[in-house]
Amino acid sequence: MAAAGKLTIDDLDVAGRRVLVRVDFNVPLEDGRVADDTRIRASLPTLRALLDRGAALVLVTHLGRPKGRVVEELRLDPVARRLAELLGREVRKVDDVTGPQARAAAAALEPGQVLLLENVRFDPREEKNDPDFARELAGLADLFVNDAFGTAHRAHASTEGVARFLPAAAGLLMAAEIAALSRLVNNPERPFWALVGGGKVADKLRVLERLVDRCDGLIIGGGMANTFLTAQGIDVGASRVEPDLFDAARAVMGRAGERGIPLLLPVDVVAADRFAEDAQTRVVPVEAIPAGWMALVVGPASLDAVDEAVRPARTVFWNGPFGVFEWPAFAEGTRRLAQVVAELDAWTVVGGGDSAAAVHQAGVADRIDHISTGGGASLEFVEGRPLPGVEALADTAGGAAARPG
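A short tour of the structure in this document, coming up.

1. Notes on the overall build of the protein chain
Assigned secondary structure in the protein chain consists of 13 helices and 17 strands. By the compact-globule yardstick of 22 Å for 405 residues, the protein chain fits well, its C-alpha radius of gyration being 23 Å. With 405 residues in all, the protein chain has 58% of them scored as buried. Of the contacts formed within the protein chain by residues at least 6 apart in sequence, a portion of 72% connects residues at least 24 apart. When the accessible surface of the protein chain is summed, it comes to about 16,100 Å², and 47% of that surface belongs to carbon and sulfur atoms. In the protein chain, 45 side chains carry a positive charge and 57 a negative one; their mean positions are 3 Å apart.

2. A word on the sheet that holds strand 14 (residues 294-298)
What the 3 strands build is an open sheet, ordered 13-12-14; its pairing is antiparallel. The outermost strands of the open sheet, each flanked by one partner alone, are strand 13 (281-285) and strand 14. Taken pair by pair, the neighbouring strands of this sheet meet at an average axis angle of 40°, ignoring direction.

3. Some remarks on the packing of aromatic side chains
This model, assessed by the stated rule, comprises 2 aromatic pairs. With a centroid separation of 4.7 Å and 45° between ring planes, the pair formed by Phe-275 and Trp-327 is classed as tilted. You can see Phe-275 sitting in the loop between strand 12 (268-272) and strand 13 and its partner Trp-327 sitting in the loop between strand 15 (315-319) and helix 10 (332-342), a full 52 residues away along the chain. Exposure remark for Trp-327: the relative accessible area of 18% places this residue in the buried category. The interplanar angle of 50° and the centroid separation of 6.1 Å between the aromatic rings of Trp-327 and Phe-330 together place this pair among those described as tilted. Side by side, Trp-327 and Phe-330 carry an identical accessibility label, which is buried. Taken together, the ring pairs connect Phe-275, Trp-327 and Phe-330 into an aromatic cluster. In this structure, Arg-183 is placed above the aromatic ring of Trp-347, and the distance from its NZ or CZ to the ring centre is 3.8 Å. The ring of Trp-293 carries Arg-282 above its face, with NZ or CZ at 4.4 Å from the centroid.

4. Structural notes on a positive patch on the surface
On the surface, a cluster of positive charge is contributed by Arg-65, Lys-67, Arg-69 and Arg-154. Locating Arg-65 in the fold gives a position in the loop between strand 4 (56-60) and helix 2 (77-87). For Arg-65, a relative accessible area of 73% corresponds to the exposed category.

5. Looking at the pairing of strand 16 (residues 347-350)
Of the two faces of strand 16, the one lined by Trp-347 and Val-349 and the one lined by Thr-348 and Val-350 are each fully buried. The pairing of strand 15 with strand 16 spans 4 bridges and is classified as parallel. Opposite Trp-318, over in strand 16, you have Val-350 as the bridge partner. Once the chain exits strand 15 it traverses helix 10 before rejoining the sheet at strand 16, and the crossover so formed is right-handed. In terms of strand pairing, strand 16 meets strand 17 (residues 370-371) through 2 bridges, oriented parallel. Among the inter-strand pairings, Val-350 is bridged to a residue of strand 17, identified as Ile-371. Handedness of the crossover is the feature at issue here: the chain leaves strand 16, passes through helix 11 (residues 353-361), returns alongside strand 17, and the resulting connection is right-handed.

6. Considerations on the nonpolar core
With 80 residues, the main nonpolar core has Leu-20, Leu-117, Leu-137, Leu-218 and Phe-228 as its most contacted residues. Residue contributions to this core peak at 7 residues, all from helix 5 (residues 172-186). Judged by nonpolar contacts, the second largest core, of 34 residues, contains Val-19, Val-21, Ala-55 and Val-145.

7. Here we look at the pattern of salt bridges
The final tally for this structure, using the stated rule, is 29 salt bridges. We note a salt bridge from Arg-274 to Asp-278, for which the minimum N-O separation is 2.9 Å. Since its relative accessible area comes to 38%, Arg-274 is described here as partly exposed. Residue Asp-278 is classed as exposed on the basis of its relative accessible area, which comes to 59%. Note that Asp-304 and Arg-336 form a salt bridge whose closest N and O atoms lie 2.5 Å from each other. Of the two residues, Asp-304 sits in helix 9 (residues 300-310) while Arg-336 sits in helix 10, which places them 32 residues apart along the sequence. Judged by relative accessible area, Asp-304 falls into the partly exposed class, the value being 41%. On the accessibility criterion, Arg-336 (21% relative accessible area) is partly exposed. A network of salt bridges, in which partner residues are shared, links Glu-72, Arg-75, Asp-77, Lys-93, Asp-95 and Glu-118.

8. Focus on the sheet that holds strand 5 (residues 91-93)
Taken in spatial order, the 6 strands make up an open sheet running 5-6-4-1-7-8, and their pairing is parallel. Two strands lie at the open edges of the sheet, namely strand 5 and strand 8 (168-170), each paired on one side alone. Strand-to-strand twist of the sheet, defined as the mean angle between neighbouring strand axes without regard to direction, takes the value 25°. Across 3 bridges, the pairing between strand 5 and strand 6 (residues 114-116) is parallel. Bridge pairing in strand 6 links Val-91 to Val-114.

9. A short note on helix 7 (residues 224-231)
Within helix 7, 7 of the 8 residues are buried, which leaves the element mostly enclosed by the surrounding structure. Every buried residue of helix 7 is listed here: Met-224, Ala-225, Asn-226, Thr-227, Phe-228, Leu-229 and Ala-231. The inward-facing, buried residues of helix 7 abut strand 9 (192-196), helix 6 (201-211), strand 10 (217-220), helix 8 (246-259) and strand 14. Positive backbone phi, at 95°, marks Gly-233, one or two positions downstream of helix 7.

Conventions adopted
- Residues numbered from 1 in each chain as written.
- Predicted model: local features only at pLDDT ≥ 70, side-chain atom pairs only at ≥ 80, totals over all residues.
- Heavy atoms only, no water.
- Helix = DSSP H or I, 4+ residues; strand = E, 2+ residues; numbered from the N terminus.
- Rg over C-alpha atoms; globule rule 2.2 N^0.38 Å.
- Buried < 20%, exposed > 50% of the residue type's maximum accessible area, 1.4 Å probe, protein only.
- Contact = heavy atoms within 4.5 Å.
- Areas by Shrake-Rupley, 256 points an atom, 1.4 Å probe, with all protein chains shown as cover.
- Lys, Arg positive; Asp, Glu negative; His and termini not counted.
- Charge placed at Lys NZ, Arg CZ, Asp CG, Glu CD.
- Pairing = 2+ DSSP bridges.
- Axes fitted to C-alpha atoms, helices over the stretch in contact; angles between N-to-C directions.
- Phe/Tyr/Trp six-rings, centres within 6.5 Å; stacked < 30°, edge-to-face > 60°.
- Lys NZ or Arg CZ within 6 Å of the ring centre and 35° of its normal.
- Patch = residues over 30% accessible without salt bridge, like charges linked within 9 Å, V, L, I, M, F, W, Y side chains within 5 Å.
- Salt bridge = Lys/Arg side-chain N within 4 Å of Asp/Glu carboxyl O.
- Right-handed = clockwise from strand over helix to strand, strands pointing away.
- Core = buried A, V, L, I, M, F, W, Y, C linked by side-chain atoms within 4.5 Å.

Below you can see the structure in the form of C-alpha cells.
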C-alpha cells in the first residue's frame, strides 16, 4: 500500500534481519489481563507480514503514563501473553528496554521469533526524545518499522528519534492511515461533509478552521456546539460554554457563510437538570433549555437534520461524540449518528477515540471505510500539522513527503 511517498514494509528486504517495530499496544488492563485487544489485533497484519518474510521482531510500545518510572501495574506481561495467543507463536518479553537483558535477547533472536521490550515510557529518556536512548533502541535491530499511528504526533525516541539511526519504513497500519487521511485532506470526492463533536471548541478549533475551508458542509455537535449557539445569542442555560472562544466560533460561522457552505448546529437537545448519569432529562429546542439545566446530547430532530443533510455526500469525516458518550443513558445520540454515517453511500472516515468506540458499539464498524487508530494524530493530520513519526520515515525515490497538503 502506498503511503504518500514514504517507504513501507513492502520496500524492505527483511529476510534474516532484526526489525524494531514501534507498535501501539496502549490497551486497557483488568485483573492482569488485556480487557480490549483491538489495538493489538490492528498490528497483526504488519507483524505477520514481516514474520512470513523471515524477519525477527523486536517490539516496542508504551502503556499508560508512567512518567519515566517503573509502575508495576503498567508492565507489559499481560500484553505479551495476549499477543502470543493472537499470533499463535511464542512472544518473549523482557523486563528492560535497552538494558543488558534486552540487548542479549535481541542478539539471540532467530528469524520468526518475537521479542517484546518492557514499557518504553518507564525510561524518562523516551518522551524527551533523547538521542542516546534512540541510538540504544536502534542498536537492537537492523531496520525500523513504525506501525503506531496513534503516537505519530509525538516526537519521542521510539517514534522519531530512532529513525535517525536506522532505515525507517511504515507498517501496513501506518501506511493505511497516511493513505486514507491524505485522500481525505487532499483529494476527497465531493460533496465532502465533516461532522465534528466533542466537549470543547479549544480542542477542535484548528481542525474546524481547516475543514471550513475544505469541506462542502460542516456539522458541529456535542458540548462544543453550546459555545457556537451562545455566540449566536442563544441562551443554553447552565451548559458549559467557552466565552473566550465566542469570536473564534463566529469566525468559523462567518467563513462558512463567505464560502456559501451549510454549517449545521443542533436545533434540539436532551437537557438535564444536573451533570449526572441519573439526572432528570427532557428533549427541548435549543432556545428553550430550562434555566439551570444543561444540554448533554443532541436531540432527535438534530439527528434527523444531520441524516438528511449528509445523504448526498460522497465523502464524510466524523470526529468526536455528539453528547456525553461515556454514560450509557446519554450515548444513544452518538450511537445513532454512527448508524447514520454507516448507512451512507459515501467514503467514510471516523477519526478515532469515542467516535471509533461508537461505531464498534453500534455494530457498524465493518461498514465504515476507515476508522483511524489515532484520535489526536488524525486530528493533527487533518489540521495540516506535520506528524513527527511520519516525517521521520524514509521517502521513496522521487516520492513527495508524507504530509497533508
